[in-house]
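Residues per chain, in single letters:
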Amino acid sequence: MSDIIKEVVDWIKKHRSFLITSHEAGDGDSIGSQIAMSFILEKMQKSSLILNKDPVPNTYKFLPGAERIKIQGDEGGIGAEYEAAIFLDCGSLERTGLSLPPVSSCLNIDHHLNNDRFCQLNWIDPYMSSTAEMVYLLADALSIPLEPALGSNLYTGILTDTGCFTYSNTTPRGLRIAAELIESGVDPSSIANQVYGRKSVAQLLLLGAALSSLTLTEDERIALILLKEEVFKKYETTQADAEGVVNYPLTIDSVEVSVLFKEISEDFFKVSFRSKGRVNVAAIAESFGGGGHHNAAGVKMRGSYSLIREQILDSICRQLANPLLSDRERYENNFE
Ligand code: AMP
Ligand code: MN
Ligand code: MN
């Protein structure tokens, strides 16, 4: 067991009641990791409460234990007593979107390189495919039996954060853990179908509208798509219904960076970035106040569409002209 996992194990053993949280607008990794952590704590006879800003998206409601995720304002929510807090897959306190009362002790488990390290104990490892992979290693260190309910949450986190084992964070360890989880009773086909095979007609129409808005730069290395607020309204959809849309332009051979602008309200956009190869979109998102990973990142930006589009294009073009260090090189320079 590594030193940091040992520290995390000791820290958990020291406390009795926990608040578990993650970033707003939950994804498969944040939701799967939180539920898995609550199962682990339950096995250790400890009490926990999962509190999130946003409700579980429909896609992830199938996860065993999804009903454990409470949102601020729910009964048993923010007012409940707890000794310690665990932040999962969450780069900064602000990313929770919650106003949390101070806790005496907190633990931060994450695989984002730009994590603020805002807790007393921070286990940050950008070599992990997902936070779920880290929670798996923790469960293993604690000798928690791998039951399908726990395993399905961990598997979903790894599956979604690696883009079905296709992104550059797909590793032998991640695949071995996935295999262990399948051996312990997780059904990979059923989970893939739950996550990727239950779209609504409206979601496909939204995808169609997004693809109709596709534009490419002259050299065809950057793709841009825009989803206006009125389009979400037209199909009675929400921002969560556009999950995965940003990946499509990357299937064009020449495209290295795909950018999706989702209009939240007038002059306010959620911008998602995906890249293949060397372009580090986390660095671009960070420069505008957001964050993420080398090949997947995001930020919320204020300003007119034409203005933020120009700022972003400028930033991507500069990086295409002058490639940055890879995540691994940055990590090694910063921390080793
Ligand atoms: P998304 O485009 O929302 O799917 O986000 C892609 C990745 O970027 C997520 O997994 C997060 O790691 C990160 N991310 C997205 N939005 C933000 C933000 N506002 N601040 C920091 N990181 C973000
Ligand atoms: Mn996440
Ligand atoms: Mn993650």
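Residues numbered from 1 in each chain as written. Chains lettered and ligands numbered in written order. Predicted model: local features only at pLDDT ≥ 70, side-chain atom pairs only at ≥ 80, totals over all residues. Heavy atoms only, no water.

What about the coordination of the manganese ion (ligand 2)?
Coordination of the manganese ion (ligand 2) by the protein is provided by His23 (NE2), Asp27 (OD) and Asp89 (OD), with metal-donor distances spanning 2.1 to 2.4 Å. Between consecutive donors of the manganese ion (ligand 2), the numbers of intervening residues give the motif H-x3-D-x61-D. Taken as an interatomic distance, the gap from the manganese ion (ligand 2) to the manganese ion (ligand 3) is 3.7 Å; aspartate 89 donates to each of them. Residue histidine 23 is found in the loop between β1 (17–21) and α2 (28–43), and its partner aspartate 89 is found in the loop between β4 (84–88) and β5 (105–110); the two are separated by 66 residues along the sequence. Aspartate 89 gets classed as buried once you look at its relative accessible area, which sits at 2%. (Donors = N, O, S within 2.8 Å, 3.2 Å for Na, K, Ca; no water. Helix = DSSP H or I, 4+ residues; strand = E, 2+ residues; numbered from the N terminus. Buried < 20%, exposed > 50% of the residue type's maximum accessible area, 1.4 Å probe, protein only.)

Focus on the packing of α2 against helix α3 (residues 131–141)
At a minimum axis distance of 8 Å, the contact between α2 and α3 shows a crossing angle of 15 degrees. One finds that α2 runs roughly parallel with respect to α3. The hand of the α2/α3 crossing is left-handed. From α2, Asp29, Ser33, Ala36, Met37 and Ile40 reach across to α3, where they touch Thr131, Ala132, Val135, Leu138 and Ala139. When grouped by side-chain class, the residues that make up the contact of α2 with α3 number seven nonpolar, two polar and one charged. (Axes fitted to C-alpha atoms, helices over the stretch in contact; angles between N-to-C directions. Parallel < 35°, antiparallel > 145°, perpendicular 65-115°, else oblique. Left-handed = near helix turned anticlockwise from the far one by under 90°. Contact = heavy atoms within 4.5 Å. Nonpolar A, V, L, I, M, F, W, Y, C, P; charged D, E, K, R; others polar.)

What to know about the coordination of the manganese ion (ligand 3)
Metal coordination angles in their ideal form are 109.5 degrees for the four-donor tetrahedron and 90 or 180 degrees for the six-donor octahedron. Looking at the manganese ion (ligand 3), one finds its protein donor set to be Asp29 (OD), Asp89 (OD), His111 (NE2) and Asp161 (OD), positioned 2.1 to 2.2 Å from the metal centre. One chain supplies every donor to the manganese ion (ligand 3), and in sequence these donors are spaced D-x59-D-x21-H-x49-D.

Remember, this is a structural readout, not a statement about activity or role.
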